[in-house]
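Structural features, examined
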Amino acid sequence: MKNILIPTDFSIRSLSYVHNIVAQHPGEQVNIILMHALEMPDSLFDLMTYTRNSRHVELISSDFQDGCEIIRNKYSSAINQLKIEFFHGNTRAALRNFLLAQNIDLIIQPTDHEFNAPSKRSYDPEKLISKCNYPKMKIQLQKRKYVVDRSTISALLLATE
């Protein structure tokens with residue numbers, strides 16, 4: 001069973017890459033880890049009071065949670081686990097340790113996704129990911145007539161397998 005990482009900014013559009021993953025791995029169950037990258041605090045007080053996932057869970061919108069549930073239900077036979085993990089740090093060594101801890105086999109690199117940071121500590125991990133020595137797959141979403149510029153939950157339901 002493969003563990004596949006998808007960087008996310010908690011937009012519905014970032015969930016659309018799951019359709020391509022399922023199509024690329026027919027008949028095989030996969031674990032999907034949606035990773036959101038956060039900078040570490042820079043003040044000593046913030047660092048001392050910093051806890052993993054304490055304030056970051058509120059970055060996940062209810063629409064994104066609903067979208068994850070739709071994906072889980074739609075691809076229940078293909079997806080063993082779909083989970084959200086926060087990556088704390090901005091160095092290659094920190095990313096390597098995160099990837100090892102999550103047992104990542106493949107990293108998805110969206111080629112057409114614009115990263116919209118949901119918080120001031122969020123950042124686009126594309127530069128770090130491109131420098132790491134893990135297998136990567138570049139994916140570009142196809143434009144469809146029914147998908148508007150801003151992806152919605154209904155677009156997840158309409159996507160073909």
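Residues numbered from 1 in each chain as written. Predicted model: local features only at pLDDT ≥ 70, side-chain atom pairs only at ≥ 80, totals over all residues. Heavy atoms only, no water.

Within an unreviewed UniProt entry, the label attached to the protein reads Universal stress protein family protein, and the organism entered is Chitinophaga ginsengisegetis.

1. Some thoughts on the overall build of the protein
Secondary structure summary: the protein contains 7 helices and 5 strands in total. Order of helices (α) and strands (β) in the protein, N terminus to C terminus: β-α-α-β-α-α-β-α-β-α-β-α. Burial status across the protein gives 45% buried among its 161 residues. Taking contacts inside the protein between residues at least 6 apart in sequence as the whole, the part at least 24 apart equals 81%. (Helix = DSSP H or I, 4+ residues; strand = E, 2+ residues; numbered from the N terminus. Buried < 20%, exposed > 50% of the residue type's maximum accessible area, 1.4 Å probe, protein only. Contact = heavy atoms within 4.5 Å.)

2. A closer look at a positive patch on the surface
On the surface, a cluster of positive charge is made up of Arg92, Arg96, Lys127 and Lys131. Among the secondary structure elements, those contributing two or more residues to the positive patch are helix 5 (92–101) and helix 6 (126–131). Along the chain, Arg96 falls in helix 5. (Patch = residues over 30% accessible without salt bridge, like charges linked within 9 Å, V, L, I, M, F, W, Y side chains within 5 Å. Areas by Shrake-Rupley, 256 points an atom, 1.4 Å probe, with all protein chains shown as cover. Salt bridge = Lys/Arg side-chain N within 4 Å of Asp/Glu carboxyl O. Lys, Arg positive; Asp, Glu negative; His and termini not counted. Charge placed at Lys NZ, Arg CZ, Asp CG, Glu CD.)

3. Focus: the pattern of salt bridges
Inspection of the entire model under this criterion finds 2 salt bridges. Salt-bridge contacts for Arg72 lead to Glu69; the nearest nitrogen and oxygen are separated by 3.4 Å. Residue Arg72 and its partner Glu69 are located together in helix 4 (residues 62–74), separated by 3 residues, close to a single helical turn. When its relative accessible area of 38% is taken as the criterion, Glu69 is described as partly exposed. One salt bridge connects Lys83 with Glu85, and the closest N-O pair in it is separated by 3.8 Å. Judged by relative accessible area, Lys83 falls into the partly exposed class, the value being 25%. Among the residues examined, Glu85 registers a relative accessible area of 16% and is labelled buried.

4. Quick look at the packing of aromatic side chains
On inspection of all chains with the given rule, the structure shows 3 aromatic pairs. An aromatic cluster is defined as three or more aromatic residues linked by ring pairs; in this entry it consists of Phe10, Phe64 and Phe86. (Phe/Tyr/Trp six-rings, centres within 6.5 Å; stacked < 30°, edge-to-face > 60°.)

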